[in-house]
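# Structural features, examined
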Amino acid sequence: MTFREDWLVQWERLIMTKKAIAVLTSGGDSPGMNAAARAVVRTAIFEGVRVFGIYNGYKGMLKDDIVELTTRSVSDIIQRGGTFLGTARSAEFETPEGRQKAYANLQKHGIEGLVIIGGDGSLRGGAKLSKETGISIVGLPGTIDNDVWGTDYTIGCDTAANTIVDSINKLRDTASAHRRIMVVEVMGHKSGWLAMMAGIAGGAEYVLVPEVKFNLNRLCEEIEEDYSHGKRYSLIVVAEGAGSALEIGKYIEEKTGIDTRVSVLGHVQRGGSPTVEDRMKASLLGEKAALAIISGESNVVFGYNQGRPVSINLFDAVDNTKTLNPELVRLARVLA
Ligand code: ATP
């Protein structure tokens, strides 16, 4: 590179470099969002860039709930579930007028780039904001659902799956003692990823997910057959989008005559201290997001592909739908 070329590259970097950025968490909370936001804040400060926290997602952006953060603002949070920034859903942000109003608040603080940590809906909102205003957007996939296209990993899914497996282990003890069938309902309206991961890791006999058709009568026949050969219990994990666990449990009990209990795990799945995997991966993604936005990159989402960090085009991420890995569906059947 000649001196002139080098000088041009340095100059370009200088004018692209952002002087103030912001971070927000949006949609459903997920364990590890804190680790990601902490990494964004500390990386920005390390790079000499001002960093603002937008409280309560897009709702807070609309209300100008925006505060400059320091290194200390993110102390003592890496081990906590939830998100210190708070999260919310906002119907107003879904309108173009709402997004212009929210953008005006960013401009007021001199914010030139935004890191959005959230699920596919939050990223979709960010993509629209970027298109309409030109502000730099970098997304991080923060959702326990693991349903963001282009990445194998989303922040929080590992912790949620571990929480479910912990419950499954306990339910298995009591199911075995009473020779019961145990139906466990887990989160996942449209996506069966979480159920599938927890079901396989928890050794469930059946994992019912919205993406795969199932035959309850056949399932009942198989359970009866297994019990006739001495099986002491059966564990069925149901993603909420696959049907009501209460109704499924009732049907199975009526059909098989075997004592059946249903456990709806609910919001316990969202909380809790993030696993090492979620803390590490979220920290690394947070650093990447901050560095990218500071150096003038925009419209990317950082995630993982086969264990390696990758950047995905934001519009591709929101325009495509992640499908459940058929390998996992097969594995769950084989290992049942
Ligand atoms: P989770 O996966 O945990 O549900 P999410 O990010 O998908 O998280 P959503 O409720 O879908 O959660 O989205 C969060 C917020 O993002 C919405 O309340 C809304 O303000 C904004 N948003 C979602 N979809 C859009 C859209 N199509 N256009 C503009 N904004 C959107």
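The structure contained in this document is the topic of the report that follows. Nothing here was measured: the structure is a model prediction, and the numbers come from that model.

### What about helix H6 (residues 157-178)?
- Taking 1.5 Å per residue as the helical rise, H6 with its 22 residues ought to reach 32 Å, and the 31 Å between its terminal C-alpha atoms agrees with that figure.
- Next to the buried residues of H6 lie strand E6 (181-186), helix H7 (193-201), strand E8 (234-239), strand E9 (260-264) and helix H10 (276-294).
- Remark: Arg179 follows H6 within two positions and exhibits a positive phi of approximately 55°.

### Observations concerning the sheet that holds strand E4 (residues 113-118)
- Taken together, the seven strands give an open sheet; going across it, the order is E3-E2-E1-E4-E5-E10-E11, and neighbouring strands pair in mixed fashion. Pairing within the sheet leaves two strands with one partner each, and these edge strands are strand E3 (66-68) and strand E11 (308-313). Going across the sheet, the axis of each strand differs from the next one's by a mean of 25°, ignoring polarity.
- Bridge count for strand E1 (residues 20-26) against E4 is six bridges, and the pairing is parallel. Following the sheet pairing, Val23 is matched in E4 by Val115.

### Remarks on the site of the ligand
- Taken together, 18 residues lie near the ligand, and Arg89, Ser90, Asp120, Gly121 and Ser122 sit nearest.
- The separation between an oxygen atom of the ligand and a polar side-chain atom of Arg89 is 2.5 Å.
- For the ligand, the accessible surface in isolation is 620 Å², of which the surrounding protein chains cover 84%.
- It is helix H5 (residues 120-133) that contributes the most residues to the shell around the ligand, six residues altogether.
- Split by residue class, the shell around the ligand holds two nonpolar, nine polar and seven charged.

### Some words on the packing of aromatic side chains
- With the rule as written, the count across this model stands at three aromatic pairs.
- Measuring from ring centre to ring centre gives 6.4 Å for Tyr55 and Phe84, while their planes differ by 85°; the resulting arrangement is edge-to-face. You can see Tyr55 sitting in the loop between strand E2 (50-54) and helix H3 (57-62) and its partner Phe84 sitting in the loop between E3 and helix H4 (96-108), a full 29 residues away along the chain.
- Here Tyr58 and Phe93 contribute two aromatic rings whose centre-to-centre distance is 3.7 Å and whose plane-to-plane angle is 0°, an arrangement assigned as stacked. Within this pair, whereas Tyr58 is found in helix H3, its partner Phe93 is found in the loop between E3 and H4, the two being separated by 35 residues in sequence.
- Relative accessible area serves as the criterion here: at 6%, Tyr58 is assigned to the buried category.
- Among the residues examined, Phe93 registers a relative accessible area of 2% and is labelled buried.
- Looking at Lys281, its charged tip hangs above the ring of Tyr304, at a distance of 4.9 Å from the centre.
- Here the basic side chain of Lys322 rests over the ring of Trp193, its NZ or CZ set 4.6 Å away from the ring centre.

Calculation rules
Residues numbered from 1 in each chain as written. Predicted model: local features only at pLDDT ≥ 70, side-chain atom pairs only at ≥ 80, totals over all residues. Heavy atoms only, no water. Helix = DSSP H or I, 4+ residues; strand = E, 2+ residues; numbered from the N terminus. Expected span 1.5 Å × (residues − 1). Contact = heavy atoms within 4.5 Å. Pairing = 2+ DSSP bridges. Axes fitted to C-alpha atoms, helices over the stretch in contact; angles between N-to-C directions. Near = heavy atom within 4 Å. Polar contact = N/O pair within 3.5 Å; in protein donor to acceptor, adjacent residues only side chain to side chain. Areas by Shrake-Rupley, 256 points an atom, 1.4 Å probe, with all protein chains shown as cover. Nonpolar A, V, L, I, M, F, W, Y, C, P; charged D, E, K, R; others polar. Phe/Tyr/Trp six-rings, centres within 6.5 Å; stacked < 30°, edge-to-face > 60°. Buried < 20%, exposed > 50% of the residue type's maximum accessible area, 1.4 Å probe, protein only. Lys NZ or Arg CZ within 6 Å of the ring centre and 35° of its normal.

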